Amino acid sequence: MRSHAEGKRLVLVITGKGKSKRDDGPIPTRRGVLKHQVPQWFALPPMKSCILQVAEAHIKHGGTGAYYVYLRRR
């Protein structure tokens, strides 16, 4: 929200890929809670009104552990 208020158009959000651990249980656990939750948070108000697009970052910028968030104009 602050980046949008400052007039920025692109933000790099680094969530990380999550810890890799063995999943031997009967109920699978998701790897990387933030990686999965952050895009969902972006789709909810009030963030939704500020965001134009969310895309996975290039490998140099974090790859699957980061997102480019394109912001709307003010």
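Every chain begins its residue count from 1, and numbering advances along the sequence as written. Residues qualify for local features only when their pLDDT is at least 70, as the model is predicted, and side-chain atom pairs are given and counted only at 80 or more; totals for whole chains, interfaces and linings, by contrast, use all residues. With hydrogens and water stripped out, all remaining heavy atoms of the structure feed into the side-chain values.

S.K.: So what exactly am I meant to see when it comes to the environment of Gly18 here?
M.R.: A run of DSSP states H or I qualifies as a helix once it reaches four residues; a run of E qualifies as a strand once it reaches two. Both are numbered from the N-terminal end. Tracing the sequence through the fold places Gly18 in the loop between β1 (10-14) and α2 (33-42). With a relative accessible area of 37%, Gly18 lands in the partly exposed category. When the C-alpha positions of Gly18 and His36 are compared, they lie 9.8 Å apart, and in sequence the two are 18 residues distant. By definition in these notes, contact holds between two residues if any of their heavy atoms fall within 4.5 Å. Excluding anything up to four places from it in sequence, Gly18 contacts Arg31 and Gly32. Here's how the labels work: a residue is buried when its accessible area is under 20% of the maximum for its type, exposed when over 50%, partly exposed in between, all with a 1.4 Å probe on protein chains only.

S.K.: I'm lost on the side chain of Lys35 in this one. Help?
M.R.: Tracing the backbone through its elements, the reader meets Lys35 in helix α2. Under the counting rule used here, the positive set is Lys and Arg, the negative set is Asp and Glu, and His together with the chain ends is not counted. Salt bridges are defined as contacts in which a side-chain nitrogen from Lys or Arg sits within 4 Å of a carboxyl oxygen from Asp or Glu. Buried charge without a partner: Lys35 forms no salt bridge, and the closest opposite charge is Glu56, 4.5 Å away. N or O atoms closer than or at 3.5 Å make up a polar contact, with two conditions inside protein: a donor-capable atom paired with an acceptor-capable one, and, for residues adjacent in sequence, both atoms drawn from side chains. At a separation of 2.9 Å, a polar atom in the side chain of Lys35 contacts the main-chain carbonyl oxygen of Thr64.

S.K.: Would you mind going over the environment of His4 with me for this structure?
M.R.: Structurally, the position occupied by His4 is in helix α1 (residues 2-5). Separated by 69 residues in the primary sequence, His4 and Arg73 place their C-alpha atoms 7.8 Å from one another. Separated by 3.3 Å, the side chain of His4 and the backbone oxygen of Arg72 make a polar contact.

S.K.: Looking at this structure, I do not really get the pattern of salt bridges. What am I missing?
M.R.: Side-chain pairs of opposite charge can arise where the charged atoms are in close proximity. This structure, assessed with the given rule, holds two salt bridges. In this structure, the salt-bridge partner of Glu6 is Lys8, at a minimum N-O distance of 3.1 Å. On the basis of relative accessible area, Glu6 is assigned to the partly exposed category, the value being 46%. Overall, the relative accessible area of 40% leaves Lys8 in the partly exposed class.

S.K.: Looking at this structure, how should I read the pairing of strand β3 (residues 66-71)?
M.R.: Counting buried positions along β3 yields five of six residues, so the element is predominantly enclosed. Note that β1 and β3 share five bridges and pair antiparallel. Residue pairing for β3: Leu10 is matched across the bridge by Tyr70. Pairing between strand β2 (residues 51-56) and β3: five bridges, direction antiparallel. By the bridge assignment for β3, Ile51 is matched with Leu71. At least two DSSP bridges between two strands are required for those strands to pair.

In short, shape yes, function no, at least from these values alone.
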